[in-house]
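One letter stands for each residue in the lines below.
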Amino acid sequence: MEADEGLILNVSSLPSPESHHSAGHKTFRKPLLGKDKWQSKTLKRKLQWADEGTPAKQKPKLSVSPIKKCTKEANICVKGNLSSKSPPKKHSTDRQNESLRSRPFIKTSCLFKNNPKIPEIHRGGVKQVQEKVFTSDSFSQLDLHPHLISTITIVLKMSSMTSVQKQTIPVLLKGKDALVRSQTGSGKTLAYGIPLVQSLQGMKSKIQRSDGPYALILVPTRELALQSFDTVQKLLKPFTWIVPGVLMGGEKRKSEKARLRKGINILISTPGRLVDHIKSTKCIHFRRIQWLIMDEADRILDMGFEKDVTVILNALNAESGRRQNVLLSATLTEGVTRLADISLHDPVSIAIVEETWDRTTPEQEVIGSPAHMEEGGFAIPEKLKQHVVVVPSKLRLVTLAAFILGKCKFEKHHKMIVFFSSCEQVEFHYKLLLKVLLGGQEAEEPECLPLSSSHLKFLRLHGNMEQEERTAVFQEFLQSKTGILLCTDVAARGLDLPQVTWIVQYNAPASPAEYVHRIGRTARIGCHGNSLLILTPSEAEYVNSLASHKINVSEMKMEDILSNLMKDDRFKGHQWGTKKSRGTNPQEVRERATVLQTEFENYVHSGEGTVQWAKKALQSFLRSYTTYPKTLKHIFHIKSLHLGHVAKSFGLRDAPQNLSASMAASPGKKTKLQPKRPDLRRKTQGKRRLAEILRSEYSSGMDSGVSKVKRKKGHGKPGNKKMLS
Ligand SMILES: Nc1ncnc2c1ncn2[C@@H]1O[C@H](COP(=O)(O)OP(=O)(O)OP(=O)(O)O)[C@@H](O)[C@H]1O
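For every chain, the first residue of the written sequence is number 1, and numbering continues from 1 along that sequence. The model is predicted, so local features are restricted to residues of pLDDT at least 70 and side-chain atom pairs to those at 80 or more, both for listing and for counting; the totals for chains, interfaces and linings are taken over all residues. For side-chain calculations, the full set of non-hydrogen atoms in the structure is used, while hydrogens and water are omitted.

A.B. asks: Report on empty space enclosed by the protein, specifying residues and quantitative values.
C.D. replies: Think of a 1 Å grid over the protein atoms and nothing else: a 1.4 Å probe that fits but is trapped marks a cavity, an open set flanked by protein within 12 Å on at least five of seven lines marks a pocket, and residues with an atom within 4 Å of a point count as lining. Grid points are joined across faces, edges and corners, and a volume is the space filled by probe spheres set on the points. Inspection of the entire model under this criterion finds two cavities of 30 Å³ or more. Taken as a whole, the largest cavity holds about 90 Å³ of empty space. Lining the largest cavity are 14 residues; nearest its centre among them are Arg396, Asn507, Glu539, Phe621 and Tyr625. Residues are sorted three ways: Asp, Glu, Lys and Arg are charged, Ala, Val, Leu, Ile, Met, Phe, Trp, Tyr, Cys and Pro are nonpolar, and all the rest, Gly among them, are polar. Residue composition of the lining of the largest cavity, by class: eight nonpolar, four polar and two charged.

Written as structure tokens, this is what we have:
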């Protein structure tokens, strides 16, 4: 049991009915304690900022069972027992004790004590790699069909080309293969979409629907498949005889078969689903394939799709002749170079690099071999302001909530995406934030809330959701001007969600590339945007890891984020009475944070079901924590987690004793990855692969690993080209 849980102490021994309420907003509008000097002094002394604290590990553990204490106490975090056993030495009078006893029984948690020291973030002079988004060249300068140009300018309302489009379109129009890297939100979809449509509409013998696919576009996620389909469909407006179609799983195989049978000329698919059809559907063929495009190519490989890609390449090679191949991503990694080697024919490598640190280096458009593409680190959109905040585990939840309130309730026009590392965490936080930040009625029926009635519109997206709901949520967030989307990495790649102003990473991503893609959901196509990465003190070194990839973050202070709570009187503490709060009194901020944490804890502890739910989310967090790659294990190691503190960030008052995963129950011990799915457990080879599946496919709902693992049997067939072994 953890030391600070034992420090949750009695304020009053008299229970009140309100103490057993779930969210109990009424409870928090009432003063928790009197205004007497003694209390305020004690609070002042004891509710210290985290950086004044001693690392929890160095504190002697208390022998008192926290569970016992919690059931009897009101738990404002005041050192010293206020019960009759150990009354405060000074200013303690009968009247005061009487006053204390008559106060409501309120559970709060000890947030500002025993936290590890927040390390200073030293940022060296990181020369961030940036690209110029737009060029002054217009699409009409290209040799395109006039109807295609008018579609681009009138329907899509675009006039000048982006740098990547200016570089890529002519290369592809010449019939060359290409490996394209340019920053997130720089217009890569049109960079391949325009030459693709131009070439297909101009074919000598006019394309018939019944001809089947002429082009295959592979993407890693279903949402990206839908989005790419939408773009291609727009480009095809004047060329109605060319039919696009999407295969992405989640739909009945039978209805996909029917659509294939009718004829699809530009086929957009996730690799896993396509392999399903290759193996089971007689009506799919690649006799006329002329284009193979792999968007987010590195992700396709990260996800363990390589076996599927092998199957697809073999099927294409077996049936079609010469075709054009294109690989694209904002981050091209080692694996992509290998994929490029086997799938591209004499490719042109395109990367747009501009060092903008001192603005002395002129724009460079690099065309050459893939090897030098990552030399300069990852390119980040110029107008994207990246922040990091270091927050002790116990304060993570309130800090996240205060940040959301500050941006989405008290500032206008913010649209935010918050990334978590597992589906369970997304579900848990979604419900918790709805209940506590939005309160009762709205939380019961969030879908009935008109957008305008609240700035706090929560949505969630992850791979454990039914496809229908996934699509509906994606569309809703796409169209809304505000809102907070809680999601897994299923939303990290390629999604073009306009007007997103903030990206919050509540759990750090497993690689700098993933970091770049997550933050790339904002500041797209030259717009402004912001990101916030939330780290614990033991994870602070991650900032250096980012810096080594030329990613530059500036520090935000937790105190500043928490001070947003001063704008919300729902969390006003007792001793401030009806007095208007002026400025940001650190003590009052701390108390408000404590009140908010209490609301979270009260909700979580309002029933056995919610407690179990929180434990499940915590367990899933711990499981995902074990899946960081070797290169980051020194920063993200389960051993550095303080289970009691982490539990607080899930609204749990105590460290759970009965987490089923071995690593959760005893974080100090060596841990084993335990996928929940027996098919994964049986067939997955190697820790790395399992880690990938747990983090991304299984946990984030990416459409690859599971079905792929199931299909593994057929992959060893003779004739199948071995690709990335
Ligand atoms: N030439 C252009 N002028 C104006 N807007 C453009 C232009 N080209 C693309 N866009 C818009 O820019 C946005 C981002 O484009 P797109 O999604 O293709 O970026 P991306 O480079 O593929 O990003 P990611 O790497 O995140 O997948 C889209 O909304 C698209 O419509």
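A.B. asks: So what's going on with the environment of Ile551? Residues and values would help.
C.D. replies: Turning to its location among the elements, Ile551 is positioned in the loop between α19 (542–547) and β18 (554–556). Sequence separation between Ile551 and Ile380 is 171 residues, and the spatial gap between their C-alpha atoms is 7.7 Å. Two residues qualify as a contact provided that any one of their heavy atoms is within 4.5 Å of a heavy atom in the partner residue. Sequence-distant contacts of Ile551, defined by excluding residues within four places in its chain, comprise Val126, Gln128, Phe378, Ile380, Gln386, Pro512, Tyr515, Val516 and Leu546. Here a strand is any run of E in DSSP of at least two residues, a helix any run of H or I of at least four, and the numbering for each starts at the N terminus.

A.B. asks: Break down the packing of helix α6 (residues 163–173) against helix α7 (residues 188–201) for me, with residues and values.
C.D. replies: All axes are obtained by fitting lines to C-alpha atoms, using only the stretch in contact for helices, and the reported angles, taken between N-to-C directions, cover 0 to 180 degrees. Put simply, α6 and α7 touch, their axes get as near as 9 Å, and they point 30° apart. By the criterion of interaxial angle, the relationship of α6 to α7 is roughly parallel. Seen along the crossing, α6 lies across α7 with a hand that is right-handed. Contacts from Val164, Gln165, Thr168, Ile169, Leu172 and Leu173 of α6 reach α7 at Lys188, Leu190, Ala191, Tyr192, Ile194, Pro195 and Gln198. Split into classes, the residues belonging to the contact of α6 with α7 amount to nine nonpolar, three polar and one charged. Roughly parallel refers to an angle under 35 degrees, roughly antiparallel to one over 145, roughly perpendicular to one between 65 and 115, and oblique to any angle outside these ranges. Helix crossings get a hand from a simple test, with the near helix turned counterclockwise from the far one by less than a right angle marking a left-handed crossing and a clockwise turn marking a right-handed one.

A.B. asks: Quick one: what's the story with the site of the ligand, residue by residue and with numbers?
C.D. replies: The ligand sits among 20 residues. The nearest are Gln165, Gly185, Lys188, Thr189 and Asp496. Counting of polar contacts relies on pairs of N or O atoms within 3.5 Å, with two restrictions inside protein: one atom must be capable of donating a hydrogen and the other of accepting it, and residues adjacent in sequence are counted only when both atoms are side-chain atoms. In this structure, an oxygen atom belonging to the ligand sits 2.7 Å away from a side-chain N or O atom of Thr189. Note that an oxygen atom of the ligand is positioned 3.0 Å from one of the side-chain N or O atoms of Glu296. Here the ligand loses 86% of its free accessible area of 640 Å² to cover by the protein chains. The cavity that encloses the ligand is the second largest pocket. Sorting the residues of the shell around the ligand by element identifies β3 (160–162) and α7 as the ones contributing at least two each. With three residues, the single largest contributor to the shell around the ligand is α7. These domain limits were set by an automatic method or by a database of domain assignments. Counting contributing residues per domain, the shell around the ligand is built from domain 2 (134–374) and domain 3 (384–640), each supplying no fewer than three. Nearness is judged by heavy atoms alone; a residue qualifies as near a molecule or strand once a single heavy atom is within 4 Å of it. For the area figures, the Shrake-Rupley method with a 1.4 Å probe applies, and any residue is considered shielded solely by the protein chains shown. A molecule is counted as occupying a cavity or pocket when more than half of its atoms fall within 2 Å of that pocket's grid points.

A.B. asks: Describe the confidence of the model for the protein chain, naming the residues involved and giving the relevant values.
C.D. replies: If pLDDT is low for a region, its predicted coordinates should not be looked at in detail. Each residue carries a pLDDT value, the predictor's own confidence for that position, ranging from 0 to 100. Overall, the prediction assigns the protein chain a mean pLDDT of 76, with 68% of residues at 70 or greater. In the model, residues 95–106 has pLDDT below 50 throughout and makes 33 contacts with residues more than four positions away in sequence or in other chains. Scored below 50 in pLDDT, residues 355–375 makes 49 contacts in the model with residues more than four places away or belonging to other chains. Two numbers describe this predicted complex: its pTM, 0.78, and its ipTM, 0.99.

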